[in-house]
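# Commentary on secondary and tertiary structure
Spelled out from the first residue to the last, the chains are:
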Amino acid sequence: MKLVCGFFFFLVFAVQMAFAQQTNDVYVDKDGLMRWGTTKEEVKGFGVNYTVPFAYAYRVGKQLNVSPEKAIDDDVYHFSRLGFDLYRVHVWDTEISDTLGNLLENEHLKLLDYALKNMKDRGIKFVLTPIAYWGNGWPEKDEKTPGFSRKYGKAACLTNPDAIKAQQNYLYQFLNHVNPYTGVAYKHEPDLIAFEISNEPQHGGKSSDVTAFINGMVSSMRKTGCKKPVFYNISHSIHLAQGYFDADIQGGTFQWYPTGLQAKHEIMGNLLPNVDDYKIPFAANPRFKQMAKIVYEFDAADVGRSYIYPAMARSFRTAGMQLATHFAYDPTFFAYANTEYDTHYMNLIYTPQKALSLKIASEVFHNIPLYKDFGKFPADTSFGDFRVSYGQDLAEMVTKEKFIYTNNTATIPPNTGALEHISGSGNSAVVKYEGTGAYFLDKLESGVWRLEVLPDAIWVQDPFGFNSLDKVLAVINWRQWPMSVRLPDLGDDFEIKTLNPENDAKTFNTKNQTFDITPGTYMLVRKGTSSKLNATSKWKNITLNEFVAPATTLKKTYVLHSTIKEISAGESMPVKVQIISLKQPEATRIKLFVKDGQPVDLDLEHTGGYQYSARIPAELLKGDVVKYCILVKENGIEKLYPSEQENIKEWNNEQEKLFETRILPKSSSITLFNAALDHEQLLRPYLKTSRLTSIPEIGTSELSISPEKAEEYAMRYNFKSNIAGRASDVLSKTKLVFHGRALNEKPCSIQLALIGKDGSVYGATLNVKPENSTYAVSLDDLEKVDFISLPRPYPGFLPYSLDTTPKAGKLDLRNIETLQIAILPTQTTDQTQKTLAGIAIQNVTLE
């Protein structure tokens, strides 16, 4: 039987290869690699999921009176600037089919066709997933759509004979559909790499049933004459993996959400260990090795920083992935609110640093060899031409021709005279810029460059919370900033010409490579150089004068400031503030309220861009609390923050809304976690029985956590902001202390551990009794323990923990920033069973 199966799959490969070489369709070779038919080159692609033709994004466009075609035009232009060459979408079949699976020629299908044509024109190829199974509501209620998915639901679609027949009919018609904008059927579209049958089917039953289901779908697709590779999701229901391997498919699709989903707040801390390895449990299966592998969705959900995507791309390439698409790109017209998928946030305008990180990840996919292994964390934070840094919140690519970075960087390119492309955010050895938007520099010809500068985007609220279209999370500001460009090809002084027609700026010159710039596109020309290029010239997949950005949305001044929660007595206190305004304020000060006196004014120094800072002297920090506000003067009006009151003449620090910081003796304990204040930021698997309960008699609260299964249950909390003002006292502490009790009238064991900024983990086991008490361990007794991957990732087969701590390492208290707590299952006396355990946490301290 094995010989027959082997010959069958060899025959499939041979037929596909012969056809592909005639049409340039992709084929999968005997080693499981997708190759282009005529060139036999390895297929590589990287891009995004994007949903404007369907469901919620389509409805929001109508609600906001936005043309979906214009929205697609705008966003696809940005895809081209980010170097994307791949698009994937799970088609909402429920909107373009009836209950029998007949394809409906409607507005949704027309917009998909329009988007695909737009992608083609930019050189972007695609993978289509014709069946989504979802309703079209999220994040709203589902509408009464006409399709078979609404009638049957996902579960019945996988087993009901009538539902299966409808899907087969739908797939046949979908592949035969002719795109009116190209005149080509999907089955013959040269830029369509492959089909993925459906989105995240979750099978039950037997492996043979899964194989039969898949083969029925593939048979319907092959009846159209389509020879393209067909993929199926094999990262769900992996207990039925043999059913996938036995099916007539050419590849498997995978997802990765290494930080879970729906935290409802931004996740902090070093998450590079979470993306260290994409370990597939059936990677050694001989049939799997013959299958191509693609990533249909991935994201570091609820992570607002820019360092992580290239590391994910590296791990994907090591695992053998040829294509990957991020989920999901926010349409620009409502990205200010991040309402489509609020656990994700990606847009070149509104998340410029994250978008640049994706641009670098695309470069990883196109430059890192398949299956290349760079070792384990932290050795793999530098790989090939790439580097990622949690501490600097930085990802960068440095080659002879390209220099791409997501944040301020001190890296010096090996030869700036050989550079042909720079894109970034912040400052580098080549570009200095105070704005927050992304910028792109492209060499058009000798002595002639194109500069594109996007407007500032500022997050004014956590974008990963409970969002709505009425809630502004990010604002756009078209503000003029100084910029310097240091490129030998341009010299010290060069001419700048405006390109985009909306730009009111005139042609102007630089002085010592420095100039003031507003958002737009420009041509930079070396003095004495002439060029035949003009605003309407084509260059690669863009026109030189193209520029897409929303107008300024900043309607008021924002003062963004996170208070230091506690400071040590006798020390000064730094104050850092972002003042988001249309122009630089006339005055900025701190008003410090001293007991029994008038407020003391301290100037806030402008340190660049929207950043301001000051330091409150130790002699002004008396008592047990410091209270202050921030004054901003604009257009002659003084306004106080956070109250936003104007022109106050009489001061009363008991009545005004103020910023506050507690002042504590240096000998006092340092709180790492306080259940009453910090429980919502605790990362942990969901437990419906978990409760925060007040304990009035001792003036605190406790968080009860009782796992539902007799297995280890872990949680993590980043305490960096809690100890920011006590850094000098941390080194004097000797004990790590748990305040709380065991639940269920039974003692239990917990592992208490401290995670450093470098990902190192040191911990110890404590035995907690049912009585409320303190349970301490000496910091000297903490030993190396595993880093637990939290939040728990999708897919669920990924490792629970990993070793991130150097063998010869030692706990460095200056490095700590995260608490890891694991409830350990309790063994019965005969060691044959594990029993449930639970704890009630009040707080965790250093003493």
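Just so it is clear, the structure is predicted and the values come from calculations on it, not from any experiment. (Residues numbered from 1 in each chain as written. Predicted model: local features only at pLDDT ≥ 70, side-chain atom pairs only at ≥ 80, totals over all residues. Heavy atoms only, no water.)

## As for the overall build of the chain
Counting its regular elements, the chain contains 14 helices and 54 strands. Against the 2.2 N^0.38 benchmark of 29 Å for 847 residues, the chain shows a C-alpha radius of gyration of 29 Å, consistent with a compact globule. Dimensions of the chain along its principal axes, counting C-alpha atoms only, are 85 × 85 × 55 Å. Counting over 847 residues, the chain shows a buried share of 58%. Expressed as a percentage of contacts within the chain between residues at least 6 apart in sequence, the contacts between residues at least 24 apart total 70%. Carbon and sulfur atoms make up 50% of the accessible area of the chain, which amounts to about 34,000 Å² in all. (Helix = DSSP H or I, 4+ residues; strand = E, 2+ residues; numbered from the N terminus. Rg over C-alpha atoms; globule rule 2.2 N^0.38 Å. Buried < 20%, exposed > 50% of the residue type's maximum accessible area, 1.4 Å probe, protein only. Contact = heavy atoms within 4.5 Å. Areas by Shrake-Rupley, 256 points an atom, 1.4 Å probe, with all protein chains shown as cover.)

## What about helix α12 (residues 352–367)?
The end-to-end C-alpha distance of α12 is 23 Å, a good match for the 22 Å that 16 residues give at a rise of 1.5 Å each. α12 sits mainly inside the fold: 13 of its 16 residues count as buried. (Expected span 1.5 Å × (residues − 1).)

## Thoughts on the sheet that holds strand β11 (residues 292–298)
The sheet built from 8 strands closes into a barrel, its strands ordered β3-β4-β5-β8-β9-β10-β11-β12 with parallel pairing. Across the sheet, the mean angle separating the axes of adjacent strands is 25 degrees when strand polarity is ignored. Examined bridge by bridge, strand β3 (residues 45–49) and strand β4 (residues 86–90) share 3 bridges and lie parallel to one another. From the neighbouring strand, Val 48 faces β4, where its bridge partner is Tyr 87. (Pairing = 2+ DSSP bridges. Axes fitted to C-alpha atoms, helices over the stretch in contact; angles between N-to-C directions.)

## Concerning the sheet that holds strand β15 (residues 394–398)
The strand order β13-β14-β15-β16-β17-β19-β20-β27-β24-β25 describes an open sheet built from 10 strands, whose pairing is mixed. The strands lining the two open edges of the sheet, one partner per strand, are β13 (382–383) and β25 (508–509).

## A short note on the pairing of strand β22 (residues 474–477)
Side chains of β22 alternate between two faces, with Ala 474 and Ile 476 and Val 475 and Asn 477 buried alike. As paired elements, strand β21 (residues 456–459) and β22 share 4 bridges and run antiparallel to each other. When the bridges of β22 are listed, Asp 456 appears paired with Asn 477.

## Here we look at the pattern of salt bridges
This structure, assessed with the given rule, holds 39 salt bridges. Note that Asp 29 and Arg 35 form a salt bridge whose closest N and O atoms lie 2.9 Å from each other. On the accessibility criterion, Asp 29 (8% relative accessible area) is buried. A salt bridge links Arg 88 to Glu 196, with the shortest nitrogen-to-oxygen separation between them at 2.8 Å. Note that Arg 88 is positioned in strand β4 and Glu 196 in strand β8 (residues 192–196), a separation of 108 residues in sequence. Both residues of the pair, Arg 88 and Glu 196, count as buried. Residues joined by salt bridges that share partners form a network here, namely Glu 566, Glu 571, Arg 662, Lys 666, Arg 726 and Asp 729. (Salt bridge = Lys/Arg side-chain N within 4 Å of Asp/Glu carboxyl O.)

## Quick look at the packing of aromatic side chains
What the rule picks out here adds up to 45 aromatic pairs. On the numbers, 5.8 Å between centres and 35 degrees between planes, the contact of Phe 54 with Trp 92 is tilted. Note that Phe 54 is positioned in the loop between β3 and α2 (55–63) and Trp 92 in the loop between β4 and α4 (93–96), a separation of 38 residues in sequence. Using a relative accessible area of 4% as the deciding quantity, one classes Trp 92 as buried. Positioned above the aromatic ring of Phe 466 is the side chain of Lys 264, whose terminal nitrogen or guanidinium carbon lies 4.7 Å from the ring centre. One cation-aromatic arrangement involves Lys 372 over Phe 374; the distance from NZ or CZ to the ring centre is 5.7 Å. (Phe/Tyr/Trp six-rings, centres within 6.5 Å; stacked < 30°, edge-to-face > 60°. Lys NZ or Arg CZ within 6 Å of the ring centre and 35° of its normal.)

## Some words on the environment of Ile 72
Following the sequence through the fold, Ile 72 ends up in helix α3 (residues 68–81). When its relative accessible area of 0% is taken as the criterion, Ile 72 is described as buried. Each C-alpha atom, one on Ile 72 and one on Ile 124, is 13 Å from the other, the two residues being 52 residues apart in sequence.

## Concerning the packing of helix α6 (residues 148–157) against helix α7 (residues 161–176)
Look at α6 against α7: their axes get within 9 Å of each other, and the N-to-C directions meet at 115 degrees. Considering the angle they form, α6 stands roughly perpendicular to α7. The element α6 and its partner α7 pack so that their crossing is left-handed. Facing α6, whose interface residues are Phe 148, Tyr 152, Ala 156 and Cys 157, α7 presents Asp 162, Ala 163, Ile 164, Ala 166, Gln 167 and Tyr 170. A class-by-class count of the residues in the contact of α6 with α7 yields 8 nonpolar, 1 polar and 1 charged. (Parallel < 35°, antiparallel > 145°, perpendicular 65-115°, else oblique. Left-handed = near helix turned anticlockwise from the far one by under 90°. Nonpolar A, V, L, I, M, F, W, Y, C, P; charged D, E, K, R; others polar.)

## Examining the side chain of Arg 589
Tracing the backbone through its elements, the reader meets Arg 589 in strand β33 (residues 587–593). For Arg 589, a relative accessible area of 18% gives the class buried. A polar side-chain atom of Arg 589 sits 3.2 Å from a polar atom in the side chain of Asp 601. Separated by 3.4 Å, the side chains of Arg 589 and Glu 638 make a polar contact. The contact partners of Arg 589, leaving out residues within four places of it in the chain, are Asp 601, Leu 602, Asp 603, Leu 604, Cys 629, Ile 630, Leu 631 and Glu 638. (Polar contact = N/O pair within 3.5 Å; in protein donor to acceptor, adjacent residues only side chain to side chain.)

## Overview of the nonpolar core
The nonpolar side chains of soluble globular proteins are, as a tendency, buried together. One finds Leu 112, Phe 174, Ile 214, Tyr 278 and Phe 298 to be the most contacted residues of the largest nonpolar core, which totals 135 residues. Of all hydrophobic cores here, the second largest spans 40 residues; its members include Tyr 717, Ala 742, Leu 779 and Ile 816. (Core = buried A, V, L, I, M, F, W, Y, C linked by side-chain atoms within 4.5 Å.)

## Some thoughts on unusual backbone geometry
Across the junction of Trp 138 and Pro 139, the peptide omega takes the value 5 degrees, indicating a cis bond. Inspection of the secondary structure assignment puts Pro 139 in the loop between β5 (125–129) and α6. That bond from Tyr 641 to Pro 642 is cis: its omega, 20 degrees, falls within 30 degrees of zero. Within the secondary structure layout, Pro 642 lies in the loop between β38 (637–641) and β39 (659–664).

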